Each structure stands twice: as structure tokens, then as C-alpha cells.
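Spelled out, the chains give:
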Amino acid sequence: MKIEIKNKDCVFITLNNKVYYIDDSTDESIIDSWELKDYCQNCGSSLGIYNGDAEEDYNNSFCSKGCYYKYTNKN
Ligand SMILES: [Zn+2]
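One structure accompanies this document, and this report is about it. This one's a predicted model, so the numbers in the text were calculated from it and none came from an experiment. (Residues numbered from 1 in each chain as written. Predicted model: local features only at pLDDT ≥ 70, side-chain atom pairs only at ≥ 80, totals over all residues.)

We now examine the overall build of the protein chain. When you go through the protein chain residue by residue, the secondary structure sums to 1 helix and 4 strands. Put simply, the protein chain runs from its N terminus to its C terminus through helices and strands in the order β-β-β-β-α. The burial tally for the protein chain puts 13% of its 75 residues in the buried class. Taking contacts inside the protein chain between residues at least 6 apart in sequence as the whole, the part at least 24 apart equals 19%. (Helix = DSSP H or I, 4+ residues; strand = E, 2+ residues; numbered from the N terminus. Buried ≥ 20, exposed ≤ 12 C-beta atoms within 10 Å, placed from the backbone. Contact = placed C-beta atoms within 7 Å.)

This paragraph deals with the environment of Asn7. Inspection of the secondary structure puts Asn7 in strand E1 (residues 2-7). Given 8 C-beta atoms within 10 Å, Asn7 falls into the exposed group. For the pair Asn7 and Asp23, spaced 16 residues apart in the sequence, the C-alpha separation amounts to 9.4 Å.

Attention now goes to the pairing of E1. Sheet faces and side chains relate simply in a regular strand, where the side chains alternate between the two faces. Of all the 6 residues making up E1, 0 are buried; the element is thus mostly uncovered. Two strands pair when backbone bridges link them, and E1 and strand E2 (residues 10-15) are joined in this way by 5 bridges, in the antiparallel orientation. Bridge pairing links Ile5 to Val11 in E2. Hairpin connection, E1 to E2: the antiparallel pair is bridged by 2 residues. (Pairing = 2+ DSSP bridges.)

Our next topic: the nonpolar core. In terms of nonpolar packing, the biggest core is built from 5 residues, these being Tyr58, Phe62, Cys63, Cys67 and Tyr68. Excluding residues that lie within four positions of it along the chain, Phe62 makes contacts with Cys40, Gln41, Asn42, Cys67, Tyr68 and Tyr71. (Core = buried A, V, L, I, M, F, W, Y, C linked by C-beta atoms within 7 Å.)

Let us now look at unusual backbone geometry. What is expected of a backbone is that most residues other than glycine have negative phi and most peptide bonds are trans. At Asn17, a position not held by glycine, the phi torsion is positive, near 65°. Mapped onto the secondary structure, Asn17 falls in the loop between E2 and strand E3 (18-23). With 8 C-beta atoms packed within 10 Å, Asn17 lands in the exposed category. Phi at Asp27 is positive, roughly 65°, even though this residue is not glycine. Tracing the backbone through its elements, the reader meets Asp27 in the loop between E3 and strand E4 (30-35).

Function-wise, these values are silent; they only describe arrangement.
Take a look at the structure:
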């Protein structure tokens, strides 16, 4: 199991090839889960490959903070 605390309101837990996402930063008590994939959950680009232009991967599920925010509908 991998527990990734992103900030005081948001955590990602990777367990048995699934990602569990818990977020209360918008006061919405969001709990979501999806299968662990090797590409971005939002835009589909490959993860774990750092190329000069891209930001460092946000985590195991998103290529960037922007994609994470888009997927979770934050602005
Ligand atoms: Zn992406």
C-alpha cells in the first residue's frame, strides 16, 4: 500500500492496483476510486516518463496538477 498525502485535505491511497482518493478541500467530502493505470486519468498521456516540456507527474494517476484539478473539477 502506498499512501500519498497531497495536502491537509487530500490523500491518495494505492492498494492492490486501485487508487482511492479522498478529498475534503472543497467541503464536498469526495471519495472516489479507480484502477491504477500507467497513463493520466484525465488526458491519457503516459506517466512515469519525464520529458523536458512536461511537469513532473503529479502522482500515479495524473500527469500534472492541472489534470488532477480538471479531473476533480477544481479550479
Ligand atoms: Zn494529464
